[in-house]
Amino acid sequence: MKFGKNANLFLLIVAIVSACLSAGALAAETIILDADNQYTYATARLEAGAFDEAIAEFNRFIHFFPDDARAPRARYLTGMAHFKAGRYEDAAAVFAAFIQNDYGPELTVDAFFMLSESHARQGVVEQAIMDLHYLISIAPRKEVADKARYELSWLHMTMGQWSRAESVLGGIDAEFRKRYGIDDLSAALSQRDRIRIKSPVTAGVLSIFPGAGQMYCGRYQDALVAFLINAGLILSGWEAFDNELYALGGVIGLVELGFYGGNIYGAVSSAHKYNRDRVNAFRQDLNRYREKDFSPAAGNAGSGAALALCFSFDF
């Protein structure tokens, strides 16, 4: 009996010691969140291209350290992670919310630029233009307004709005015009009247004679094909009617009518394609004058390079 009591006491002591050892082991395995390490890790994931992980880590930082001075920047960088991942709609939502909360003038300015970039990448260029117009109206410094005007001019150029782009560039301060070579860009932009274009109307009228419209647009192979097909069908239809094969002649006539209309449509389309190619070539030539480090969004986004916008629009 006495042995049994001692045994129970011994087992109790063993249980207590085991519990203490287990608690110590758990305490040793507990991960203690540290603001510096968490922010550094989240930034490293962003730079490594692990955008979803970066977003999760920045959100964890914001959740556990909402009063940290870096919390606003962490929110901004979640938008950058979405942007770099190609989720422009999500990025725009983050930057718009950031602007509404006003986390400070510097980051708010960067958020405006990135909001405009995000809208432009979605193809909503008109909204991107409105974003920059609003930034210009509330810009805290002339430097910010001039940078917004510079980006705004490129958005107008992507839409082929050459006069508006030229007008916006004209409003940039002389200091920035010299620093970023804007006078050279304006001079190049003034050459837009030299873009050789073809008239779609002329191409369509010339196509009354099959192939002439395509030849006018410099598409000689298409012109030859259009001429041969239409000429062959017309001759075949003529022969059918001449031999009193009216049903066959009617069928050939209907087929020829379709090809003849397609010949005219193809010529008009060729003129539009010709013009589009010339405008795109002109726009690409203008890109030589683009300053890659002009936008604040480039320098502060952690990418180290500007985000150049380049679009083309089909006619």
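As a starting point, this report considers the structure included with it. As the structure is a computational prediction, the values presented were derived from the model and not from experiment.

## Some thoughts on the overall build of the protein
Phase 1: When you go through the protein residue by residue, the secondary structure sums to 16 helices and zero strands.
Phase 2: With 315 residues in all, the protein has 39% of them scored as buried.
Phase 3: Looking at the protein alone, contacts between residues at least 24 apart form 58% of all its contacts between residues at least 6 apart.
Phase 4: Carbon and sulfur atoms form 60% of the exposed surface of the protein, whose accessible area is close to 17,800 Å².

## Some thoughts on the nonpolar core
Phase 1: Phe58, Tyr76 and Phe95 are the most contacted members of the largest nonpolar core, which totals 42 residues.
Phase 2: Among the elements of the structure, helix 2 (35-47), helix 3 (51-64), helix 4 (71-84), helix 5 (88-101), helix 6 (105-121), helix 7 (125-138) and helix 8 (142-158) are those that each provide at least two residues to this core.
Phase 3: Top element by residues in this core is helix 6. It accounts for eight residues.
Phase 4: Of all hydrophobic cores here, the second largest spans 17 residues; its members include Leu169, Leu185, Leu189 and Val279.

## A few points about the packing of aromatic side chains
Phase 1: With the rule as written, the count across this model stands at 12 aromatic pairs.
Phase 2: Relative to Phe65, the ring of Phe61 lies with its centre 5.5 Å away and its plane at 45°, an arrangement referred to as tilted.
Phase 3: Since its relative accessible area comes to 0%, Phe61 is described here as buried.
Phase 4: Connected via pairs of aromatic rings, a cluster forms that spans Tyr39, Phe58, Phe61 and Phe65.
Phase 5: Its guanidinium or amino end placed over the ring of Tyr216, Lys198 lies 4.9 Å from that ring's centre, counting from NZ or CZ.
Phase 6: A cation sits over an aromatic face here: Lys198 above Tyr274, 5.4 Å from the ring centre.

## Considering the pattern of salt bridges
Oppositely charged side chains can form a pair if their charged atoms are brought close together.
Phase 1: Using the criterion set out here, one finds 15 salt bridges in the structure.
Phase 2: Arg87 serves as the salt-bridge partner of Asp52, at 2.7 Å between the closest nitrogen and oxygen. On the criterion of sequence distance, the pair formed by Asp52 in helix 3 and Arg87 in the loop between helix 4 and helix 5 is long-range, its members being 35 residues apart.
Phase 3: Judged by relative accessible area, Arg87 falls into the partly exposed class, the value being 27%.
Phase 4: Its salt-bridge partner being Asp146, residue Lys142 comes within 2.8 Å of it at the nearest N-O pair. Note that Lys142 and Asp146 are positioned in helix 8 at a spacing of four residues, about one turn of the helix.

## Describing the environment of Arg121
Phase 1: Within the secondary structure, Arg121 is located in helix 6.
Phase 2: Here the alpha-carbon distance between Arg121 and Arg87, two residues 34 residues apart in the chain, equals 9.5 Å.
Phase 3: A distance of 3.4 Å separates polar atoms of two side chains, one belonging to Arg121 and the other to Tyr88.

## Some thoughts on helix 7
Phase 1: Between the first and last C-alpha of helix 7 there are 20 Å, a value that for 14 residues agrees with the 20 Å anticipated at 1.5 Å per step.
Phase 2: Where helix 7 is concerned, the buried positions are Val125, Ala128, Ile129, Asp131, Leu132, Leu135 and Ile136. Looking straight down helix 7, one finds its buried side chains confined to an arc of 155°; they lie on one side. Exposed residues on helix 7 whose side chains face more than 90 degrees from its buried face are Met130 and Ser137.
Phase 3: Buried-residue contacts for helix 7 involve helix 6 and helix 8.

## Observations regarding a nonpolar patch on the surface
Phase 1: Taken together, the side chains of Val225, Ile229, Val251, Val255 and Phe259 present a nonpolar region at the surface, about 390 Å² in accessible area.
Phase 2: Those elements that place two or more of their residues in the nonpolar patch are helix 14 (220-242) and helix 15 (246-286).
Phase 3: Per element, the largest residue contribution to the nonpolar patch is three residues, and it comes from helix 15.
Phase 4: For Val251, the position within the fold is in helix 15.

Rules behind the numbers
Residues numbered from 1 in each chain as written. Predicted model: local features only at pLDDT ≥ 70, side-chain atom pairs only at ≥ 80, totals over all residues. Heavy atoms only, no water. Helix = DSSP H or I, 4+ residues; strand = E, 2+ residues; numbered from the N terminus. Buried < 20%, exposed > 50% of the residue type's maximum accessible area, 1.4 Å probe, protein only. Contact = heavy atoms within 4.5 Å. Areas by Shrake-Rupley, 256 points an atom, 1.4 Å probe, with all protein chains shown as cover. Core = buried A, V, L, I, M, F, W, Y, C linked by side-chain atoms within 4.5 Å. Phe/Tyr/Trp six-rings, centres within 6.5 Å; stacked < 30°, edge-to-face > 60°. Lys NZ or Arg CZ within 6 Å of the ring centre and 35° of its normal. Salt bridge = Lys/Arg side-chain N within 4 Å of Asp/Glu carboxyl O. Polar contact = N/O pair within 3.5 Å; in protein donor to acceptor, adjacent residues only side chain to side chain. Expected span 1.5 Å × (residues − 1). Arc of directions from axis to C-beta. Patch = residues over 30% accessible without salt bridge, like charges linked within 9 Å, V, L, I, M, F, W, Y side chains within 5 Å.

Read these as spatial facts, not as claims about activity.
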